Amino acid sequence: MKKPGFLKSKAEKELEARIAVKKAINDLKKNERALEKKKNEMLKHAQEAKKQGITQQYNMAVNGLKMIMSYQKRCQAMILQIQMTESVRDLTSMSAQFVKLMGNVGKEITSVTKNASFAKNQLEFEKGMMAAEDAMGQLEDFLEDSGMAFETQDEEEVNTEIEKLIDATGAAKEDPVDLEIDRRLAELEKSKAGIKEE
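Just so you know, these numbers come straight off a predicted model, no measurement behind them.

**Student:** Can you help me understand the overall build of the chain in this one?
**Tutor:** Check the secondary structure of the chain and you find 5 helices and 0 strands. Element order for the chain, N to C, with α for helix and β for strand: α-α-α-α-α. Evaluated residue by residue, the chain yields a buried proportion of 8% over its 198 residues. The contacts of the chain with a sequence gap of at least 6 include a subset with a gap of at least 24, amounting to 62%. When the accessible area of the chain is evaluated, it comes to approximately 17700 Å², of which 60% is carbon and sulfur surface.

**Student:** What am I meant to see in the pattern of salt bridges here?
**Tutor:** Pairing is possible between side chains of opposite charge, provided their charged atoms come close. Within this structure, the stated rule accounts for 7 salt bridges. In this structure, the salt-bridge partner of E86 is R18, at a minimum N-O distance of 3.8 Å. Of this pair, E86 sits in helix α2 (residues 55-115) while R18 is found in helix α1 (residues 10-52), placing the two residues 68 residues apart along the sequence. You can call E86 partly exposed: its relative accessible area is 21%. Its salt-bridge partner being R89, residue E86 comes within 3.8 Å of it at the nearest N-O pair. With a gap of 3 residues between them, E86 and R89 both fall in helix α2, about one helical turn apart. A single network of salt bridges, built from pairs that share partners, joins E14, R18, E86, R89 and D90.

**Student:** Would you explain the confidence of the model for the chain in this entry?
**Tutor:** When pLDDT drops low, the exact placement of atoms in the prediction is not to be read closely. The pLDDT averaged across the chain works out to 77; a share of 73% of its residues lies at or above 70. Within the chain, α1 carries the highest mean pLDDT (88), whereas helix α4 (residues 155-170) carries the lowest (62).

**Student:** Looking at this structure, how should I read α1?
**Tutor:** Spacing of three or four residues puts side chains on the same side of an α-helix, whose turn is 3.6 residues. When the terminal C-alpha atoms of α1 are compared, their 63 Å separation across 43 residues agrees well with the 63 Å that a helix rising 1.5 Å per residue should span. Regarding α1, the residues found buried are V21, I25, L28, E32, L35, A46 and A49. G53 lies just past α1 and shows a positive phi near 75 degrees.

**Student:** When you look at the nonpolar core in this model, what are you seeing that I'm missing?
**Tutor:** Generally speaking, a soluble globular protein has its nonpolar side chains buried in company with each other. Counting 7 residues, the largest nonpolar core is built from V21, I25, L28, L35, I68, C75 and I79. Only α1 and α2 provide two or more residues apiece to this core. Residues in contact with I25, not counting those within four places in the same chain, are I79, I82, Q83 and E86.

**Student:** Looking at this model, I keep getting lost on the side chain of Q72. Mind explaining?
**Tutor:** With respect to the helices and strands, the residue Q72 is situated in helix α2. The residues touching Q72, leaving out its near neighbours within four places in the chain, are E32, L35, E36 and K39.

**Student:** Even after reading the chapter, I still don't get the side chain of E32, so can you show me in this structure?
**Tutor:** Of note, E32 is situated in helix α1. Despite its burial, E32 remains without a salt bridge, the nearest opposite charge being carried by R33 at 6.9 Å. For E32, the contacting residues outside a window of four places in its chain are Q72, C75, Q76 and I79.

Rules behind the numbers
- Residues numbered from 1 in each chain as written.
- Predicted model: local features only at pLDDT ≥ 70, side-chain atom pairs only at ≥ 80, totals over all residues.
- Heavy atoms only, no water.
- Helix = DSSP H or I, 4+ residues; strand = E, 2+ residues; numbered from the N terminus.
- Buried < 20%, exposed > 50% of the residue type's maximum accessible area, 1.4 Å probe, protein only.
- Contact = heavy atoms within 4.5 Å.
- Areas by Shrake-Rupley, 256 points an atom, 1.4 Å probe, with all protein chains shown as cover.
- Salt bridge = Lys/Arg side-chain N within 4 Å of Asp/Glu carboxyl O.
- pLDDT = per-residue confidence, 0-100.
- Expected span 1.5 Å × (residues − 1).
- Core = buried A, V, L, I, M, F, W, Y, C linked by side-chain atoms within 4.5 Å.
- Lys, Arg positive; Asp, Glu negative; His and termini not counted.

Spelled out as structure tokens, the structure:
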């Protein structure tokens, strides 16, 4: 028993459509072969009529050839049209799948950015910084109360100290290998000039 259309899956319907297209192309090709056979027969009739000089039969054969060749062209055009339509359908299907995939990626991105509430996280960060500042203030109060308070430094002094620290750690250190190379080059230059080291 044949399954009703509404019970068929999308894949089943697509397969049936492809089979129908293939059958239509095969039927058209079969018709084209039959027309080719008829054309050859009509061609022989035209050749025979011309050979015998029978004008009426010759004209009839020529008109028959024109009709057959016109049908052949229509057949070929229909085959090409169906094949092109099938190719366009495949391309459209691929494009639709691509668009669907891009849509799914877009949904995922939206979902991720929704969950990552920037305003909420900014607020939490600010709360954390305020809590840290508060904790530092409490620590200073504690140290002051317990007699272990740090000496207050001028902000300019602190900045100068930090800059010195940065300059000291950021300064390029001389490579011992480079120093050794420089020493030997100097010795070589002296020996060339005839100067002896003390």
